[in-house]
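Structural characterization, general
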Amino acid sequence: MNKFSVKTAIFLLFWGSFLLINSSMLFAQTKKEQEALASQYFQQAEWEKAADIYADLYNRYGGSYYYTNYFNTLMEIPDYKEAEKLAKKESRKNKGQFRYEVDLGHVYMKADDFSKADNHFRDLIKNCPASENKYLELSNAFLMRRYLDYSLLCLETATKELGKSYALLINIARIYEVSGKADEMANAYLDILEISSRYENNVKSYLQNALKNDAEGTKNEAIKNALLAVSYTHLTLPTKRIV
């Protein structure tokens, strides 16, 4: 009886482990299949079908990956009410991570509630912790959703609250460059030299790259003037801004 019990226990333990391993493999395969199917539906613009699968994956596993896919699919349907609930849920779970708060404002914007979106975005900037890294994080969150004006406002607010710094000014210049505002871009780069002349080579490099990327020649004059102004640093003269 004892021998039988021991053999039975060993057999049951082995069989249970076998079933557990195989069920885990099957579970993983199902997860990958779900991801592939949801992606296929998304690419085929079958938003509701994709949303159903992404909702299941998000509810079971959580995480930013499934959140992003589920959120983007809801925005495509569009189901702004559900997208708003989702963004609020993630914001509560991830305090201090601005991407979810910006997503919430993005919902308001897409739903044509521009006043609510504007107030929400401005409140985020106003209440941002007085830290350069936090301002940069918020600015990048705005950039992810292509809100260049709010990203710029965030950085400009940071310069007023914390003072000008290399990191803040370089990001301001890049936003102006993407926005096609050549004079403002050039002046932001020149402002860096007011912090320290040791950044001269960096500024020259950025301006020269901007010049190369200006295939249509719309920024040539402003960039060349800025490069000329950089030479003033050798003479210890005030940096000449582009008017």
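In this report, the structure presented in the accompanying data block is examined. What you see is a predicted model; the values in this text were computed from it and never measured.

It is worth spelling out the overall build of the chain at this point. Of regular secondary structure, the chain possesses 12 helices and 0 strands. Along its sequence from the N terminus, the chain presents helices and strands in the succession α-α-α-α-α-α-α-α-α-α-α-α. Counted over contacts in the chain with a minimum sequence separation of 6, partners at least 24 positions apart contribute 49%. Accessible area for the chain stands at about 14,500 Å²; split by element, carbon and sulfur atoms hold 53% of it.

Within soluble globular proteins, side chains that are nonpolar tend to cluster in buried spots. Within the largest apolar cluster, 64 residues are counted, with the highest numbers of intra-cluster contacts made by Tyr70, Phe71, Phe121, Leu138, Phe142 and Tyr189. The residues contacting Phe121, other than those within four sequence positions of it, are Val102, Gly105, His106, Met109, Phe142, Tyr147 and Tyr150.

Of the consecutive residues Ile77 and Pro78, the connecting peptide bond is found in the cis state with omega at -10°. For Pro78, the location among the structural elements is in the loop between α3 (64-76) and α4 (80-93). Unlike most non-glycine residues, Ala45 shows phi in positive territory, near 60°. Non-glycine residue Asp112 carries a positive phi angle of around 70°.

Moving on, we come to the packing of aromatic side chains. This model, assessed by the stated rule, comprises 13 aromatic pairs. A centroid spacing of 5.2 Å and a plane angle of 90° characterise the contact between Phe121 and Phe142, whose relative ring orientation is edge-to-face. On the criterion of sequence distance, the pair formed by Phe121 in helix α6 (residues 114-126) and Phe142 in helix α7 (residues 132-144) is long-range, its members being 21 residues apart. Judged by relative accessible area, which is 0%, Phe121 ranks as buried. Members of the aromatic cluster, each reached through a chain of ring pairs, are Phe121, Phe142, Tyr147 and Tyr150.

Parameters at a glance
- Residues numbered from 1 in each chain as written.
- Predicted model: local features only at pLDDT ≥ 70, side-chain atom pairs only at ≥ 80, totals over all residues.
- Heavy atoms only, no water.
- Helix = DSSP H or I, 4+ residues; strand = E, 2+ residues; numbered from the N terminus.
- Contact = heavy atoms within 4.5 Å.
- Areas by Shrake-Rupley, 256 points an atom, 1.4 Å probe, with all protein chains shown as cover.
- Core = buried A, V, L, I, M, F, W, Y, C linked by side-chain atoms within 4.5 Å.
- Buried < 20%, exposed > 50% of the residue type's maximum accessible area, 1.4 Å probe, protein only.
- Phe/Tyr/Trp six-rings, centres within 6.5 Å; stacked < 30°, edge-to-face > 60°.

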